[in-house]
Amino acid sequence: MSTERTLVLVKPDGVKRQLTGSILARVEAKGYRLAELKQVTATREILEAHYAEHAGKPFYEPLVDFMLSGPVVAAIFEGERVIEGFRSLAGTTDPTTAAPGTIRGDFGRDWGEKVQQNLVHGSDSVDSAEREIGIWFS
Ligand code: DAT
Ligand code: MG
């Protein structure tokens, strides 16, 4: 088993609702190490790189607009299997049905927008983690 790094974003809904501390505390409490942390206002360029895999999907433009709607908090967490572990803490993409006890399940729901305002992003593989860390922390 090797130590991994993952990119975690607290999305604009989480920052606006002042849930940043509560969200990061859950990740730290699981024992992952906070390696880098900053609040940033994303640009369209950053988001086009970050969400390249979703370009052309119906939710893509609303997703980019949502991510531009306010500051985000970007973090790098480290630990054994942190990529999988963070996604487990985050819960499934749709916050209405995300399990209780997860970040999305406890803090999120469907707000009737065109995109899931689901509080957090977490990388989904070692390759995407390294790619995304390069985008947000270059
Ligand atoms: P995840 O963030 O769980 O990795 P994803 O990578 O499939 O999910 O999608 C990126 C984001 O796009 C997701 O957090 C919210 C939005 N999204 C995905 N699928 C959607 C859908 N069917 N309707 C609205 N928004 C969606
Ligand atoms: Mg994803």
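Structure's up top.
Rules of the game
- Residues numbered from 1 in each chain as written.
- Chains lettered and ligands numbered in written order.
- Predicted model: local features only at pLDDT ≥ 70, side-chain atom pairs only at ≥ 80, totals over all residues.
- Heavy atoms only, no water.
- Buried < 20%, exposed > 50% of the residue type's maximum accessible area, 1.4 Å probe, protein only.
- Helix = DSSP H or I, 4+ residues; strand = E, 2+ residues; numbered from the N terminus.
- Pairing = 2+ DSSP bridges.
- 1 Å grid on protein atoms, 1.4 Å probe; cavity = no way out; pocket = protein on both sides within 12 Å on 5 of 7 lines; lining within 4 Å.
- Points joined across faces, edges and corners; volume = space filled by probe spheres on them.
- Nonpolar A, V, L, I, M, F, W, Y, C, P; charged D, E, K, R; others polar.
- Salt bridge = Lys/Arg side-chain N within 4 Å of Asp/Glu carboxyl O.
- Near = heavy atom within 4 Å.
- Polar contact = N/O pair within 3.5 Å; in protein donor to acceptor, adjacent residues only side chain to side chain.
- Areas by Shrake-Rupley, 256 points an atom, 1.4 Å probe, with all protein chains shown as cover.

**Q** Sorry if this is basic, but what is going on with the pairing of strand S1 (residues 3-10) here?
**A** Each regular strand carries side chains that alternate between the two faces of the sheet. With six of eight residues buried, S1 is to be regarded as a mostly interior element. Bridge analysis of S1 against strand S3 (residues 72-80) gives eight bridges, and the strand direction is antiparallel. Residue pairing for S3: Thr 6 is matched across the bridge by Phe 77. Two elements, S1 and strand S4 (residues 120-122), share three bridges in a ladder whose sense is antiparallel. Paired with Val 8 across the strands is Gly 122, a residue of S4.

**Q** Even after reading the chapter, I still don't get the layout of surface pockets, so can you show me in this structure?
**A** Where empty space is left can be seen by rolling a probe of water-molecule size over the atoms. One number sums up the size of the largest pocket: a volume of about 370 Å³. By residue class, the composition of the lining of the largest pocket is four nonpolar, eight polar and six charged.

**Q** It is not clear to me how the pattern of salt bridges should be interpreted in this structure. Could you clarify?
**A** Note on pairing: side chains with opposite charge can pair once their charged atoms come close. According to the stated counting rule, one finds six salt bridges in the structure shown. In this structure, the salt-bridge partner of Glu 130 is Arg 5, at a minimum N-O distance of 2.8 Å. Of this pair, Glu 130 sits in helix H7 (residues 126-136) while Arg 5 sits in strand S1, and the two are 125 residues apart along the sequence. A relative accessible area of 39% places Glu 130 in the partly exposed class. The shortest N-O distance in the salt bridge between Arg 81 and Glu 84 comes to 2.8 Å.

**Q** Is there a simple way to explain the site of ligand 1 in this structure?
**A** All residues adjacent to ligand 1 are Lys 11, Tyr 51, His 54, Phe 59, Leu 63, Arg 87, Thr 93, Arg 104, Lys 114, Val 115, Gln 116 and Asn 118. Within the side chain of His 54, one N or O atom sits 3.0 Å away from an oxygen atom of ligand 1. Out of a free accessible area of 520 Å², ligand 1 has 76% covered by protein chains. Its residues placed into classes, the shell around ligand 1 shows four nonpolar, four polar and four charged.

This is a description of form; function is not addressed.
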